[in-house]
Amino acid sequence: MKQRILSGIVMAVIFVLMLVTLYTPVFYILMGVLSVIAVHEIEQVVQVKNWGIRILSGVFALFLPIYYGLRLEFSLALVLVPLAILMLICMLARYGTTPFEQVSSAFAVTLMVSFGFSTFVLVRDCYLDAPDKFVKLDGLYLILFGFICSWVTDIGAYFVGRFLGKHKLSPKISPKKTVEGAVGGVVFAALINALVLFVFDRWIFESAHLPYYIIIPLSLVLSVISMFGDLSASVIKRNFGVKDFGKLIPGHGGIMDRFDSCLFVFPVLFFAVKIIGIV
């Protein structure tokens, strides 16, 4: 319990830093830094030992959130194709110790994780892409919404599962997770999202333009998605026989251990926002 509280304090500091810098260049630079750390943690676990590939991964992981933050207009193909070629050249340079599986794993992880963190920026900028549907404050609200679907679901599932959990959700992947906890986490996140939307509608938004009939069902879906993110990360760790991706956060692993569900939630939230923005 003490470790979880300490972990919560560390994550609260990161969360507050995100909110304070949300509409500044610091935000997308911070997303880039978190992306670099998360990619490094996964590559460490899957045992990518080629430092040329690791450096290329880190550079791209830092670049992508900044690319979206600066709203650059050149095609990503101009970066992705050279990235793949350079990774393969690094494989050739150390072919004896760099199997292709490591190259493909590094390439996939780099793209998925860096895009996951980039969607924080894309969600924030919804008002720029669809100014007739969203206002600037919607970016702040949707960032909060995504974190509630990720972290509050996890918190609710932990406490409900601890006191009421009887049926294992996925015993071979994560023995401590229960069906009761999962349901409790989804419901708890939906209630908090309803409360936060009420506060924004009542005291922050100039008009109530994000309807409950969209937000609450979306909350339920994203809470379930967040659990898939958590379980997927658990599978990777089990495959490689590790407990945590890293040790950066005292008592609770690394950045990837805390953002695994977010990297599932925010891309889906971004696509949902795009759909809302065009209807």
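A brief structural summary. On a predicted model such as this, the values are computed, not experimentally measured, just so you know.

**Thoughts on the overall build of the protein**
Thought 1: Within the protein, the regular secondary structure consists of 11 helices and 2 strands.
Thought 2: Ordered by position from the N terminus, the helices and strands of the protein form the series α-α-α-α-α-α-α-β-β-α-α-α-α.
Thought 3: In terms of overall size, the protein behaves like a compact globule, its C-alpha atoms giving a radius of gyration of 19 Å where 279 residues would be expected to give roughly 19 Å.
Thought 4: The principal-axis extent of the C-alpha atoms belonging to the protein is close to 60 × 50 × 30 Å.
Thought 5: Going through the 279 residues of the protein one by one, you find that 47% of them count as buried.
Thought 6: The long-range share in the protein, meaning contacts at least 24 apart out of those at least 6 apart in sequence, stands at 73%.
Thought 7: Approximately 14000 Å² of the protein is accessible, and the part contributed by carbon and sulfur atoms is 72%.
Thought 8: Distance between charge centres in the protein, computed from 22 positive and 16 negative side chains, equals 11 Å.

**What about the environment of Leu218?**
Thought 1: Along the chain, Leu218 falls in helix 9 (residues 212-239).
Thought 2: In sequence terms Leu218 and Leu17 are 201 residues apart; their C-alpha atoms lie 26 Å from each other.
Thought 3: When neighbours within four sequence positions are excluded, Leu218 is seen to be in contact with Phe145, Leu269 and Ala272.

**Quick word on the packing of helix 2 (residues 25-45) against helix 5 (residues 100-124)**
Thought 1: Where helix 2 contacts helix 5, the two axes come as close as 9 Å, and the packing angle between them is 155°. Compared by their axis directions, helix 2 and helix 5 come out roughly antiparallel. Viewed along their axes, helix 2 and helix 5 form a crossing whose handedness is right-handed. For the pair helix 2 and helix 5, contact is made by Phe27, Tyr28, Met31, Leu34, Ser35, Ala38, Val39, Ile42 and Glu43 and by Ala106, Val109, Thr110, Val113, Ser114, Phe117, Phe120, Val121 and Arg124, respectively.
Thought 2: A breakdown of the residues in the contact of helix 2 with helix 5 according to their chemical character gives 13 nonpolar, 3 polar and 2 charged.

**Overview of the packing of aromatic side chains**
Each aromatic ring pair is described using two quantities: the centre-to-centre distance and the angle formed by the ring planes.
Thought 1: A full pass over the atoms with the stated rule returns 24 aromatic pairs.
Thought 2: For the pair Tyr141 and Phe205, a centre-to-centre distance of 6.0 Å together with 70° between the ring planes defines the contact as edge-to-face. Separated by 64 residues along the polypeptide, Tyr141 in helix 7 (residues 136-164) and Phe205 in the loop between helix 8 (179-204) and helix 9 bring together distant segments of the chain.
Thought 3: A residue is classified by how much of its surface remains accessible, and Phe205, at 6% relative accessible area, is buried.
Thought 4: With a centroid separation of 4.6 Å and an interplanar angle of 50°, the aromatic rings of Phe147 and Trp151 are classed as tilted. Remark: Trp151 and Phe147 occur in helix 7; sequence separation between them is 4 residues, near one turn of the helix.

**Here we look at the side chain of Asp201**
Thought 1: Within the secondary structure, Asp201 is located in helix 8.
Thought 2: Summary of buried charges: Asp201 has no salt-bridge partner, and the nearest side chain of opposite charge, Arg202, is 10 Å away.
Thought 3: Not counting chain neighbours up to four residues away, the residues in contact with Asp201 comprise Ala208, Leu210 and Tyr212.

Conventions and cut-offs
- Residues numbered from 1 in each chain as written.
- Predicted model: local features only at pLDDT ≥ 70, side-chain atom pairs only at ≥ 80, totals over all residues.
- Heavy atoms only, no water.
- Helix = DSSP H or I, 4+ residues; strand = E, 2+ residues; numbered from the N terminus.
- Rg over C-alpha atoms; globule rule 2.2 N^0.38 Å.
- Buried < 20%, exposed > 50% of the residue type's maximum accessible area, 1.4 Å probe, protein only.
- Contact = heavy atoms within 4.5 Å.
- Areas by Shrake-Rupley, 256 points an atom, 1.4 Å probe, with all protein chains shown as cover.
- Lys, Arg positive; Asp, Glu negative; His and termini not counted.
- Charge placed at Lys NZ, Arg CZ, Asp CG, Glu CD.
- Axes fitted to C-alpha atoms, helices over the stretch in contact; angles between N-to-C directions.
- Parallel < 35°, antiparallel > 145°, perpendicular 65-115°, else oblique.
- Left-handed = near helix turned anticlockwise from the far one by under 90°.
- Nonpolar A, V, L, I, M, F, W, Y, C, P; charged D, E, K, R; others polar.
- Phe/Tyr/Trp six-rings, centres within 6.5 Å; stacked < 30°, edge-to-face > 60°.
- Salt bridge = Lys/Arg side-chain N within 4 Å of Asp/Glu carboxyl O.

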